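Overview (structure and organization)
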Amino acid sequence: MTTAQPRPQSRAFFSAHPVFRREEYAAAMQRRSTDKVVTTMLAQHLKAGNIRRVARGVFAAAPAHRHASDLVVDRFLAASRLKADAVIAYHSALELHGCAYTDAPDVQAMSAAESTTFEAQDFVCRFLKRPKGFVASRDVVQLDRQGLAVEVTTLERTVADCFDRHDLAGGAEELMNSLALVERLKTDELVRQARGLKNASAAGALGWWLQREQTRLGVPDKTLTALKAMKPKHPHYVLGAKPGEAKSVASWNILLPASLLSGGFEGA
C-alpha cells in the first residue's frame, strides 16, 4: 500500500516520534494544541496513512514508505503517552527493567487519576492510582524506548509495589520467578519504599524474600531488622495463600503458599 509522504517538517517529527501526543506535534509545528489547523493537519496524515490513532490525542507514526495500518505499536511506549503523568509500573516495569520471567500482553501503569482500563487495538492498559508513599521525583526513572523516554518506576519501587499487589505482578509464582532475575538492589531504598506503603503484610513478605536471597543479593542484616519492625503483629496470609493450603513463617508472621517454600527454607 503506497503512502503519501508528509512534508519535511512533519516527516522529521514522525521519524523521531514513533508515538506522540497531539500537543507534542502542535509544538513542533509551532502552533497551539487547540489550533484547528493542527486538527486539519493530523486528519490529513491519518487519511494518507502516515499516522494512526492510538487513543484520543495519541498517535503512532509509520516509518517512511509504510502505511500506518501495518504498524504494530510498542505497547509500553504507547501506554506511556496515554496520560501526561503515566508511569509504567508493576509487572510491566519488571519487563522494562529486564526482570520479568514472562512477557504479558497487557500493560500496568500509574497515574494520579482514579483507576481505569484502556483498550487499544494492540494492547490493554490498566491504570492504577499511585500507591501510598509514591514520590515521582524519587521513584521514577526514564528508560529509552525507540529513542523516546518512557517513565518507569525504579526497580526498588517496582519490587516493593509488587509485594504490595502481587496480583499485578502476574501472581506469586511469576513474581518469585521474576525476582530470581534481579541481580542487585538498593536495600536502603527498599526499606524506605516498604515503610511508605504502610502495608505490614507486604513488608513481611518482602523481608522473607530478602532473607531467603540474603547471600545472593548481599542484603545487610540491618535491612532485615528494619523490615521485621514493620512485619504484621499477627500472622497474615500473603502472596495469595489460602487457609488450609498455607505454610507459616513464624519469624515474619506470615502464611505463604506452600509452593513458594522450597528446599526446606522457612525464613527461620
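Below you will find a few notes about this structure. (Residues numbered from 1 in each chain as written. Predicted model: local features only at pLDDT ≥ 70, side-chain atom pairs only at ≥ 80, totals over all residues. Heavy atoms only, no water.)

1. Regarding the overall build of the protein
Selection criterion: Each helix is a run of DSSP H or I of at least 4 residues and each strand a run of E of at least 2, with the numbering of both proceeding from the N terminus. Working definition: with a 1.4 Å probe on protein chains only, accessible area under 20% of the residue-type maximum means buried, over 50% means exposed, and in between means partly exposed. Here a residue-residue contact requires only that any non-hydrogen atoms of the pair lie within 4.5 Å. With residues, only the protein chains shown are counted as cover, and all accessible areas are computed by Shrake-Rupley using a 1.4 Å probe. Only four residue types enter the charge count: Lys and Arg as positive, Asp and Glu as negative, with His and the chain ends excluded. Charged side chains are reduced to one point each, which is NZ for Lys, CZ for Arg, CG for Asp and CD for Glu.
Check the secondary structure of the protein and you find 12 helices and 12 strands. Expressed as lengths along the three principal axes of its C-alpha atoms, the size of the protein is roughly 65 × 35 × 30 Å. For the protein, buried positions account for 51% of its 268 residues. In the protein, of all internal contacts separated by at least 6 residues, the share reaching a separation of at least 24 is 54%. Working note: accessible area of the protein is about 13200 Å², and carbon and sulfur atoms make up 49% of it. Here the protein contributes 36 positive and 28 negative side-chain charges, whose respective centroids are spaced 6 Å apart.

2. A short note on empty space enclosed by the protein
Stated formally: Cavities and pockets were defined on a 1 Å grid built over protein atoms only: a cavity is a set of grid points that admits a 1.4 Å probe from which the probe cannot escape, a pocket is an open set flanked by protein on both sides within 12 Å along at least five of seven lines, and lining residues are those with an atom within 4 Å of any such point. Grid points are joined across faces, edges and corners, and a volume is the space filled by probe spheres set on the points.
Summed over all chains, the structure comprises 1 cavity of 30 Å³ or more. Here the largest cavity defines a volume of roughly 30 Å³. Every residue along the wall of the largest cavity is listed here: Ala160, Phe163, Ala194, Leu197, Asn199, Ala202, Ala203 and Leu206. Elements represented by at least two residues in the lining of the largest cavity include exactly helix H7 (155-164), helix H9 (187-197) and helix H10 (200-212). For the lining of the largest cavity, the element with the most residues is H10, which contributes 3 residues.

3. Here we look at H9
What H9 keeps buried is the set Thr187, Glu189, Leu190, Val191, Gln193, Ala194 and Leu197. Those residues of H9 that are buried are in contact with helix H6 (136-139), H7, H10 and helix H12 (221-228). Directly after H9, the chain includes lysine 198, whose backbone phi takes a positive value near 55°.

4. Focus: the packing of H7 against H10
Rules: An axis is simply a line fitted to the C-alpha atoms; with a helix, the fit covers only the stretch in contact. Between two such axes, the angle follows the N-to-C directions and lies from 0 to 180 degrees. Small angles under 35 degrees read as roughly parallel and large ones over 145 as roughly antiparallel, with 65 to 115 read as roughly perpendicular and the rest as oblique. Put simply, a crossing is left-handed when the front helix is turned counterclockwise from the back one by less than a right angle, and right-handed when it is turned clockwise. Note on residue classes: Ala, Val, Leu, Ile, Met, Phe, Trp, Tyr, Cys and Pro are nonpolar, Asp, Glu, Lys and Arg are charged, and everything else, Gly too, is polar.
Closest axis-to-axis distance for the H7/H10 pair is 8 Å, and the angle between their directions is 120°. As judged from the angle between their axes, H7 and H10 are oblique. Note that H7 runs across H10; the crossing there is right-handed. Contacts from Val159, Phe163 and Asp164 in H7 reach Ala202, Ala205, Leu206 and Trp209 in H10. Residue composition of the contact of H7 with H10, grouped by class: 6 nonpolar, no polar and 1 charged.

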